[in-house]
Amino acid sequence: MMKNKPPKTINWGIIGLGNIAHKFATDLLTVEGATLYAVASRNQEKADAFGKKYNALKSYSSYEALAKDANLDAVYIATPHAFHKEHTLLCLENGIAVLCEKPFAMNANEVAEMITKAKAKNTLLMEALWTYFYRITNTF
């Protein structure tokens, strides 16, 4: 008889700590099997304050440092959309799954490059479209 293993905890990171990142971090606190492991901003004080507010274990003053943290499983990209491709590729290059805020990228060529990298690295890449997961609870 096989014993059930407890589910793995997913260590999340957040790149870019603006308003949408606060919403994501708040919601992440309610998800069983998920922890906010690391956050990154271009400013260490901002990263530290955000990390403290949401109980992140690590805070970084560079996105590159966060992407090199081997303990991360997934990263939420919450930077301005002009930087989504750059930050997504950074994470994918390091084998970290990416949930990228919308819009996914600036144009179709950038999206194609991101998808190509995700396939090459065999790593999850997904745009944060909540409506895809919306479940209708009312009957008509």
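Everything below is about the structure printed above this text.
Residues numbered from 1 in each chain as written. Predicted model: local features only at pLDDT ≥ 70, side-chain atom pairs only at ≥ 80, totals over all residues. Heavy atoms only, no water.

*Asks:* What exactly am I supposed to notice about the pattern of salt bridges here?
*Replies:* Close approach of charged atoms lets side chains of opposite charge pair. Enumeration according to the criterion identifies five salt bridges in this entry. Two residues, Lys-85 and Glu-113, come together in a salt bridge whose shortest N-O distance is 3.2 Å. In this pair, Lys-85 sits in helix 4 (residues 84-93) while Glu-113 sits in helix 5 (residues 108-121), placing the two residues 28 residues apart along the sequence. Residue class for Lys-85 comes out partly exposed when judged on its relative accessible area of 22%. With a relative accessible area of 39%, Glu-113 lands in the partly exposed category. Between Glu-101 and Lys-102 there is a salt bridge; the shortest N-O distance is 3.0 Å. Residue Glu-101 is classed as buried on the basis of its relative accessible area, which comes to 10%. Overall, Lys-102 belongs to the partly exposed group, its relative accessible area being 38%. (Salt bridge = Lys/Arg side-chain N within 4 Å of Asp/Glu carboxyl O. Helix = DSSP H or I, 4+ residues; strand = E, 2+ residues; numbered from the N terminus. Buried < 20%, exposed > 50% of the residue type's maximum accessible area, 1.4 Å probe, protein only.)

*Asks:* I keep staring at the packing of helix 4 against helix 5 and nothing clicks. Help me out?
*Replies:* Two quantities define a packed helix pair, namely the angle between the axes and the distance from one axis to the other. Two elements in contact, helix 4 and helix 5, have axes whose closest approach is 10 Å; the angle formed by their N-to-C orientations is 5 degrees. Viewed along their axes, helix 4 and helix 5 adopt a mutual orientation that is roughly parallel. Of the residues in helix 5, those touching helix 4 at His-84, Lys-85, Thr-88, Leu-89, Leu-92 and Glu-93 are Glu-110, Glu-113, Met-114, Lys-117, Ala-118 and Lys-121. A breakdown of the residues in the contact of helix 4 with helix 5 according to their chemical character gives four nonpolar, two polar and six charged. (Axes fitted to C-alpha atoms, helices over the stretch in contact; angles between N-to-C directions. Parallel < 35°, antiparallel > 145°, perpendicular 65-115°, else oblique. Contact = heavy atoms within 4.5 Å. Nonpolar A, V, L, I, M, F, W, Y, C, P; charged D, E, K, R; others polar.)

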